[in-house]
Amino acid sequence: MIARTTRAACAAVLGLAAAAFALAPGAARAQAYPARPITVVVPFAAGGPTDTVARLVAESMTKTLGQQVIVENVGGAGGTRGAGQVAKAAPDGYTLLLHHIGQATAPSLYRKLPYKVTDFETAGLITAVPMTLIAKPGYEPKTIADVIAYVKANKDKVTYGNAGVGSASHLCGMLFMSAVGTQLTTVPYQGTGPAMNDLVGGQIDLMCDQTTNTTGQIKGGKVKAYAVTTKDRVKSLADLPTMEEGGLKGFEVAVWHGLYAPKGTSPEIVAKLNAALGVALEDPKVVARFADLGTEPEPKDRRSPEFHKTYLTAEVAKWKPVIEAAGVYAD
Ligand code: ASP
């Protein structure tokens, strides 16, 4: 009798537990998450600046989450190929996207973009990286003022490398050409990692790229550097003037990066990812490497998924009129 009662009580408790589990599948899933490796798609080639940021962050997140966070490079179409792939991935937290400002500019540059920015959950901002205007070694112009004069006089023979329409290097080049009032021949790559190889090798003349790719080459004397694209000078490249100091009034662009999950990923999983990202942004190794590369983690008050979402919306609205005025379209 006692045994039967106990068994019945046990069954009732188990039944309640099962019901609770059924009522909160998201919470249960998040508790078990991550149970296997996570893939972070970088929509540009390996060895470039976005890849560098992703690998640093992924290494730290691997420690926090207890599962391997693997970076996969899916370059092409200015970042829209990789982003499109993640937009269609299962919303289970195992396929993520680490993208930059291109997430906000692509909707204005591509009239037939096969995804929307709302196809993603925002998991947090990472860092806003300054850009630098650089040239192949031995390039004739010495200063930013010289470059401006040189490209105006030689526009037919100057080549500008970028990572395709929608990339940050494309955006910076577009702003530069429109500020200078000259169109240059652009040479697209799958990312500015391979573009940098060609710049160092002298196959292309100019490029504008994040300091997370250019700092080492500038300091090593492998490329010529003219200016930074931020409002203020960059501490680790203090000799470089700003574009504004070089005469291009109001020229300002910083390449902000964010982490995304496909739309429909549970809020619990997004919160776990955001927390692990927050740990990475406090990780002394990440902070020190960012500083070496001319950047810093987003401050704490800008790190929530909600802030990221609002910021993304504002950036889409900010760049739309600029791109429309430039009349540049990818398709
Ligand atoms: N810096 C590149 C861009 O122009 C992308 C990359 O290769 O990371 O967007």
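Here we summarise the structure given alongside this text. Just so it is clear, the model here is predicted, and its values are computed rather than measured. (Residues numbered from 1 in each chain as written. Predicted model: local features only at pLDDT ≥ 70, side-chain atom pairs only at ≥ 80, totals over all residues. Heavy atoms only, no water.)

1. Some words on the site of the ligand
(1) Moving on: In the region of the ligand, the neighbouring residues are Phe 44, Pro 49, Thr 50, His 100, Ala 163, Ser 167, Ala 168, Ser 169, Gly 191, Thr 192, Asp 209 and Gln 210.
(2) Moving on: A distance of 2.4 Å separates an oxygen atom of the ligand from a polar side-chain atom of Ser 169.
(3) Moving on: Backbone polar atom of Thr 192 to an oxygen atom of the ligand: 2.8 Å apart, as the coordinates give it.
(4) Moving on: The fraction of the free accessible surface of the ligand (270 Å²) that becomes covered by protein chains is 100%. (Near = heavy atom within 4 Å. Polar contact = N/O pair within 3.5 Å; in protein donor to acceptor, adjacent residues only side chain to side chain. Areas by Shrake-Rupley, 256 points an atom, 1.4 Å probe, with all protein chains shown as cover.)

2. Considering the packing of aromatic side chains
Each aromatic ring pair is specified by the distance between its two centres and by the angle formed by the two planes.
(1) Moving on: Throughout the structure, instances matching the rule amount to six aromatic pairs.
(2) Moving on: Taking the centre distance of 5.9 Å and the plane angle of 90 degrees together, the rings of Tyr 115 and Phe 120 count as edge-to-face. Of the two residues examined, Tyr 115 and Phe 120, each falls in the buried class.
(3) Moving on: Here Arg 111 stacks its cationic end above the ring of Tyr 329, 3.8 Å away from the centre of that ring.
(4) Moving on: For the cation-ring pair, Arg 302 lies above Tyr 311, with the distance from its terminal atom to the ring centre recorded as 4.9 Å. (Phe/Tyr/Trp six-rings, centres within 6.5 Å; stacked < 30°, edge-to-face > 60°. Buried < 20%, exposed > 50% of the residue type's maximum accessible area, 1.4 Å probe, protein only. Lys NZ or Arg CZ within 6 Å of the ring centre and 35° of its normal.)

3. Details of the pattern of salt bridges
(1) Moving on: One pass over the full model with this rule turns up 15 salt bridges.
(2) Moving on: In this structure, Asp 51 engages Arg 55 in a salt bridge whose closest nitrogen and oxygen atoms are separated by 2.9 Å. Of this pair, Asp 51 and Arg 55 both sit in helix α3 (residues 49-65), separated by four residues, roughly a single helical turn.
(3) Moving on: Its relative accessible area of 5% is what places Asp 51 among the buried residues.
(4) Moving on: In this structure, Glu 282 and Arg 303 form a salt bridge, with 2.9 Å as the shortest nitrogen-oxygen distance. One end of the pair, Glu 282, is in helix α10 (residues 267-282); the other, Arg 303, is in the loop between α11 (284-292) and α12 (305-326), with 21 residues separating them in the sequence.
(5) Moving on: The exposure class of Glu 282 is partly exposed, given its relative accessible area of 41%.
(6) Moving on: When salt bridges that share partners are traced, they join Glu 282, Lys 300 and Arg 303 into one network. (Salt bridge = Lys/Arg side-chain N within 4 Å of Asp/Glu carboxyl O. Helix = DSSP H or I, 4+ residues; strand = E, 2+ residues; numbered from the N terminus.)

4. Considerations on the side chain of Thr 192
(1) Moving on: When you line up the elements, Thr 192 lands in helix α8 (residues 192-200).
(2) Moving on: Taking relative accessible area as the criterion, Thr 192 reaches 5% and is therefore assigned buried.
(3) Moving on: A polar side-chain atom of Thr 192 sits 2.8 Å from a polar atom in the side chain of Asp 209.

5. A few points about the state of the cysteines
(1) Moving on: Evaluation of the coordinates by the stated rule reveals one disulfide.
(2) Moving on: Paired through a disulfide, Cys 172 and Cys 208 show a sulfur-sulfur distance of 2.0 Å. Note on the Cys 172 and Cys 208 pair: the S-S dihedral is about 70 degrees, so by sign convention the disulfide is right-handed. Of this pair, Cys 172 sits in helix α7 (residues 168-180) while Cys 208 sits in strand β7 (residues 206-210), placing them 36 residues apart in sequence.
(3) Moving on: Looking at Cys 172, the relative accessible area reads 1%, which means it is buried.
(4) Moving on: A relative accessible area of 0% places Cys 208 in the buried class. (Disulfide = S-S within 2.5 Å.)

6. Overview of the packing of α3 against α11
(1) Moving on: With their axes 9 Å apart at the nearest point, α3 and α11 run at an angle of 165 degrees to one another. The orientation of α3 relative to α11 falls into the category roughly antiparallel. The element α3 and its partner α11 pack so that their crossing is right-handed. Contacts between α3 and α11 involve Val 53, Leu 56, Val 57, Glu 59 and Ser 60 on the former and, on the latter, Lys 285, Val 286, Arg 289 and Phe 290.
(2) Moving on: Counted by class, the contact of α3 with α11 contains five nonpolar, one polar and three charged residues. (Axes fitted to C-alpha atoms, helices over the stretch in contact; angles between N-to-C directions. Parallel < 35°, antiparallel > 145°, perpendicular 65-115°, else oblique. Left-handed = near helix turned anticlockwise from the far one by under 90°. Contact = heavy atoms within 4.5 Å. Nonpolar A, V, L, I, M, F, W, Y, C, P; charged D, E, K, R; others polar.)

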